[in-house]
Amino acid sequence: EAGVVQSPRYKIIEKKQPVAFWCNPISGHNTLYWYLQNLGQGPELLIRYENEEAVDDSQLPKDRFSAERLKGVDSTLKIQPAELGDSAVYLCASSSQGTSAVQFFGPGTRLTVL
Amino acid sequence: DQQVKQNSPSLSVQEGRISILNCDYTNSMFDYFLWYKKYPAEGPTFLISISSIKDKNEDGRFTVFLNKSAKHLSLHIVPSQPGDSAVYFCAARDGGATNKLIFGTGTLLAVQP
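The sections below set out a description of the structure shown in this document. (Residues numbered from 1 in each chain as written. Chains lettered and ligands numbered in written order. Predicted model: local features only at pLDDT ≥ 70, side-chain atom pairs only at ≥ 80, totals over all residues. Heavy atoms only, no water.)

**Some remarks on the overall build of chain B**
Step number 1: On a plain count of helices and strands, chain B comes out with zero helices and eleven strands.
Step number 2: A compact globule built from 113 residues should have a C-alpha radius of gyration of about 13 Å, and chain B, at 13 Å, falls within 12% of that.
Step number 3: Reported as C-alpha extents along the three principal axes, the dimensions of chain B are approximately 40 × 30 × 20 Å.
Step number 4: If you take every contact in chain B between residues at least 6 apart in sequence, the share linking residues at least 24 apart comes to 54%.
Step number 5: A total accessible area of about 5,400 Å² is found for chain B, and carbon and sulfur atoms account for 51% of it.
Step number 6: Positive and negative side-chain charges in chain B, numbering 11 and 10 respectively, have mean positions lying 2 Å apart. (Helix = DSSP H or I, 4+ residues; strand = E, 2+ residues; numbered from the N terminus. Rg over C-alpha atoms; globule rule 2.2 N^0.38 Å. Contact = heavy atoms within 4.5 Å. Areas by Shrake-Rupley, 256 points an atom, 1.4 Å probe, with all protein chains shown as cover. Lys, Arg positive; Asp, Glu negative; His and termini not counted. Charge placed at Lys NZ, Arg CZ, Asp CG, Glu CD.)

**Observations concerning unusual backbone geometry**
Residues and elements named next belong to chain A.
Step number 1: Going from Ser7 to Pro8, the amide bond is cis rather than trans, its omega being -10°.
Step number 2: Examined against the element boundaries, Pro8 turns out to sit in the loop between β1 (5–7) and β2 (10–13).
Step number 3: Within the chain, Asn51 stands out as a residue other than glycine whose phi angle is a positive 55°.
Step number 4: If you trace the backbone, Asn51 turns up in the loop between β5 (44–50) and β6 (53–56).

**A few points about the sheet that holds strand β7 (residues 62–67) of chain B**
All names here are of chain B.
Step number 1: What the five strands build is an open sheet, ordered β1-β3-β8-β7-β6; its pairing is antiparallel. Edge strands, defined here as strands with exactly one partner in the open sheet, are β1 (4–5) and β6 (56–59).
Step number 2: With six bridges connecting them, β7 and strand β8 (residues 72–77) associate as antiparallel partners. Looking across to β8, one finds that Phe65 is bridged to Ser74. (Pairing = 2+ DSSP bridges.)

**Focus on the pattern of salt bridges**
All names here are of chain A.
Step number 1: Following the criterion strictly, the structure yields six salt bridges over all chains and no others.
Step number 2: Ionic pairing is found between Glu50 and Arg48, a salt bridge with its closest N-O pair at 2.6 Å.
Step number 3: When the shortest N-O distance is used, the salt bridge between Arg64 and Asp86 registers 2.6 Å. With Arg64 in the loop between β6 and β7 (65–68) and Asp86 in the loop between β8 (75–79) and β9 (88–95), this residue pair connects regions lying 22 residues apart in the sequence.
Step number 4: Asp86 sits in the buried class, given a relative accessible area of 6%.
Step number 5: Connected through salt bridges with shared partners, the residues Arg64, Glu83 and Asp86 form a single ionic network. (Salt bridge = Lys/Arg side-chain N within 4 Å of Asp/Glu carboxyl O. Buried < 20%, exposed > 50% of the residue type's maximum accessible area, 1.4 Å probe, protein only.)

**A few points about the interface of chain A and chain B**
Step number 1: Contacts between chain A and chain B engage 23 residues on the former and 19 residues on the latter.
Step number 2: Here chain A and chain B share an interface that buries about 1,600 Å² over both sides, 54% of which is from carbon and sulfur atoms.
Step number 3: In this assembly, chain A and chain B are joined by zero salt bridges.
Step number 4: Where chain A packs against chain B, one counts two residue pairs in polar contact (both at pLDDT 80 or more). (Buried area = accessible area lost by both parts, 1.4 Å probe. Polar contact = N/O pair within 3.5 Å; in protein donor to acceptor, adjacent residues only side chain to side chain.)

Now the structure itself:
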């Protein structure tokens with residue numbers, strides 16, 4: 001079974017430029033998460049989707065961050081414009097519906113903003 | 001405020017010995033606890049979990065213990081192997097239907113051959 005797929009794996013941009021990350025969850029997983037992981041910290045939730053609906057986006061900085069999951073499968077996270085402090089690893093995870101707490105993570109995208 | 005704390009940034013053990021990783025939490029509403037392992041340049045990989053209604057869960061070399069009164073859980077790895085060297089994250093679910101996980105800051109385990 002294929003795991004969570006993310007691309008690109010690495011991205012280097014200059015500040016004020018836009019950037020987008022893509023995620024394809026495990027087949028059949030209705031719930032999709034985007035996390036931010038800063039160096040030396042654990043992952044922090046940015047947004048959670050149940051199918052196409054964003055059910056928890058309270059931690060997403062909406063002035064510059066946006067996300068979409070149009071067909072309830074893959075998802076895109078965008079930053080526009082990027083700031084130096086956005087340098088981090090962006091992780092995507094998915095889980096099956098119901099009471100399962102186990103989330104399966106992709107390899108992440110390491111973003112460097114210069 | 002840090003709801004899930006891993007106070008040891010790193011731990012070094014000899015191959016074949018026991019590794020004990022600790023985690024403390026503050027929110028008594030957490031209903032599920034998980035341990036993830038992370039290698040460099042990879043995403044976290046699920047290792048083992050425990051429901052708040054249990055005090056122990058075992059899977060091969062890995063055992064998780066939960067002490068609800070102390071709001072403390074620990075992961076035991078016996079025997080430790082060099083391939084276990086990684087960062088271990090403790091995570092707690094906030095209960096109910098949100099399935100939101102709160103992660104600790106991680107402990108870097110080094111297993112010396």
